[in-house]
Amino acid sequence: MQPLQEFVQDCANVTYLCPAEVVNTQYQKDIVAIDIKVADQLWTVKSKLLIAADGARSPIRQAAGIKTSGWKYWQSCIVAFVKPEKPHNNTAYERFWSSGPFAILPLPGNRCRIVWTAPHEEAKALCALDDEQFLRELTRRYGDQMGKLELLGDRFVFQVQLMQSDRYVLPRLALIGDAAHNCHPVGGQGLNLGIRDAAALAQVIQTAHQAGKDIGDIQILKGYERWRKLENLTILGFTDLLDRMFSNNFLPVVLVRRLGLWFLQRVPVLKVFMLKLMIGLKGRTPELAKR
Ligand SMILES: Cc1cc2nc3c(=O)[nH]c(=O)nc-3n(C[C@H](O)[C@H](O)[C@H](O)COP(=O)(O)OP(=O)(O)OC[C@H]3O[C@@H](n4cnc5c(N)ncnc54)[C@H](O)[C@@H]3O)c2cc1C
């Protein structure tokens, strides 16, 4: 296989059309024609392959008629940005309340992103609070480890869902990231999965291209689907299990959870296995991801 460095240089001649909106796609035998609106102009790009990374609602997936399976959770997720008084020391915290997990994630410039999961009504009510009330509620639940928190910008509420596309590929089309799957934000896995999809697809395409094969051929693309679909499903199932186990006050579940955590602390092999699973080192790791 060509060394990665050379391959990246080969691909350096990229034209970006941005911001832009894909408004129409036409799949033909040898190419896909993509109509893109850039400012007020319409461009038609012809390609061997269209890679859809257009998010959970993926208009490209819907237009291609690919169905999805899954469910909406009983929780919504509030996202907000804060500046803590004390340094965050690049440490992420996740707390598990029966209403849902709460995470505070470090960002550059001593800012943090809050990902706060709560039942729909509670999330709506929290979002409707004024800034001062919201910060008071946040501090009451989270504590004051980071000192006083300052709210930066608006808060957003997202519906949380588990979704897996029935197919990741069709002739001349591949779905990656949230266009292909969504998971509960517990454990912060969504972006990681998308990056691994992109790295795996890049490897499949590179191998096909170097062998002189058509990169949009369904047989080639199925190699990507076989590689990623099951691995993603495993993580989707794992995040679902985490949410069900931790967003719960039912005594038998609490006991199983405590026992599980006790085992994790005392059986290092199990702990390392779980960590590797979460950071994508289980299963087949794409070459790009190894670097
Ligand atoms: C509340 C919440 C908290 C999360 N927390 C974490 C976390 O802590 N860690 C983690 O790893 N993941 C987290 N995730 C998941 C993570 O945000 C997503 O998995 C990730 O952003 C998916 O990236 P993506 O590029 O596939 O899709 P997106 O980020 O949704 O990007 C899709 C892009 O496509 C564009 N687009 C859509 N339609 C068109 C079109 N027709 N033409 C052109 N462009 C189009 C959109 O404008 C958008 O820019 C969280 C998600 C949510 C909702």
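Quick caveat: nothing in here was measured; it's all calculated off a predicted structure.

Asker: Quick one: what's the story with the overall build of the protein chain, residue by residue and with numbers?
Answerer: Secondary structure assignment for the protein chain yields nine helices and 12 strands. In terms of its C-alpha atoms, the protein chain occupies a principal-axis envelope of roughly 60 × 50 × 35 Å. The buried share among the 291 residues of the protein chain stands at 26%.

Asker: Talk me through the domain arrangement of the protein chain; I want residue IDs and the actual numbers.
Answerer: As far as domains go, the protein chain holds domain 1 (4-67 + 166-247) and domain 2 (70-161). On a C-alpha basis, the centroid separation for the pair domain 1 and domain 2 is 30 Å. Of the residues lining the interface, seven residues belong to domain 1; the matching set on domain 2 comes to 12 residues. Considering only residue class, the side of domain 1 that touches domain 2 consists of three nonpolar, four polar and no charged.

Asker: Residue-level account of the sheet that holds strand E2 (residues 32-38), with values.
Answerer: The antiparallel open sheet is built from three strands, whose spatial order is E1-E2-E3. Of all the strands in the sheet, just strand E1 (20-27) and strand E3 (41-47) have a single pairing partner and so form its edges. Averaged over all pairs of adjacent strands, the angle between their axes in this sheet comes to 25°, without regard to strand direction. The sheet contact formed by E2 and E3 spans seven bridges and is antiparallel. Note on E3: the bridge partner recorded for Val38 is Gln41.

Asker: How would you explain the sheet that holds strand E4 (residues 50-52) if you had to name every residue and give the values?
Answerer: Reading across from one edge, E4-E11-E10 is the order of the three strands in this open sheet, with mixed pairing throughout. At either margin of the open sheet sits one strand with a lone partner, and together these are E4 and strand E10 (169-170). Relative to strand E11 (residues 173-175), E4 runs parallel, the two being bridged by three bridges. Opposite Leu50, over in E11, you have Leu173 as the bridge partner.

Asker: Tell me about the environment of Glu231, and please be specific about residues and values.
Answerer: Counting through the fold element by element, Glu231 comes out in helix H6 (residues 218-246). Taking C-alpha positions, Glu231 is 33 Å from His88, a pair spaced 143 residues apart along the chain.

Asker: Give me the site of the ligand: which residues, what numbers.
Answerer: Taken together, 22 residues form the shell around the ligand, and within it Gly55, Gly177, Gly188, Gly190 and Leu191 come nearest. Contributions of two or more residues to the shell around the ligand are made by E1, strand E5 (68-84) and helix H5 (190-210). It is H5 that provides the largest number of residues to the shell around the ligand, a total of four residues. Residues that form the shell around the ligand fall into these classes: 12 nonpolar, seven polar and three charged. Viewed by domain, the shell around the ligand spans two of them, domain 1 (4-67 + 166-247) and domain 2 (70-161), each represented by three or more residues.

Asker: Please give an account of the packing of H5 against H6 that cites residues and values.
Answerer: Contact geometry for H5 and H6: axes closest at 9 Å, N-to-C directions at 160°. By the angle between their axes, H5 is roughly antiparallel relative to H6. The handedness of the crossing between H5 and H6 comes out as right-handed. For the pair H5 and H6, the contacting residues are Leu193, Asp197, Ala200, Leu201, Val204 and Ala208 in the first and Ile220, Gly223, Tyr224, Trp227, Arg228, Asn232 and Ile235 in the second.

Asker: Can you explain helix H7 (residues 251-266)? Please cite residues and give values.
Answerer: Relative to the 22 Å expected for 16 residues at 1.5 Å per residue, H7 spans 23 Å between its end C-alpha atoms, a close match to the ideal helical length. Sparse coverage of H7 is indicated by the burial of zero of its 16 residues.

Asker: A description of the nonpolar core should follow, citing residues and the corresponding values.
Answerer: Soluble, globular proteins show a tendency: their nonpolar side chains are buried together. Of all hydrophobic cores here, the largest spans 24 residues; its most connected members are Ile51, Ala174, Leu175, Ile176, Leu201, Val204 and Tyr224. Contributions of two or more residues to this core are made by E4, E11, H5 and H6. By residue number, the principal contributor to this core is H5, which donates six residues. Beyond its immediate sequence surroundings of up to four residues, Ile51 is in contact with Ala174, Ile176 and Leu201.

Asker: Break down H5 for me, citing the residues and quoting the values.
Answerer: Taking 1.5 Å per residue, 21 residues should reach 30 Å; H5 reaches 31 Å between its end C-alpha atoms and fits that length. Among the residues of H5, Leu193, Arg196, Asp197, Ala200, Leu201, Ala202, Gln203, Val204, Ile205, Gln206 and Ala208 are the ones counted as buried.

Calculation notes
Residues numbered from 1 in each chain as written. Predicted model: local features only at pLDDT ≥ 70, side-chain atom pairs only at ≥ 80, totals over all residues. Helix = DSSP H or I, 4+ residues; strand = E, 2+ residues; numbered from the N terminus. Buried ≥ 20, exposed ≤ 12 C-beta atoms within 10 Å, placed from the backbone. Domains from an automatic or database assignment. Contact = placed C-beta atoms within 7 Å. Nonpolar A, V, L, I, M, F, W, Y, C, P; charged D, E, K, R; others polar. Pairing = 2+ DSSP bridges. Axes fitted to C-alpha atoms, helices over the stretch in contact; angles between N-to-C directions. Near = placed C-beta within 6 Å. Parallel < 35°, antiparallel > 145°, perpendicular 65-115°, else oblique. Left-handed = near helix turned anticlockwise from the far one by under 90°. Expected span 1.5 Å × (residues − 1). Core = buried A, V, L, I, M, F, W, Y, C linked by C-beta atoms within 7 Å.

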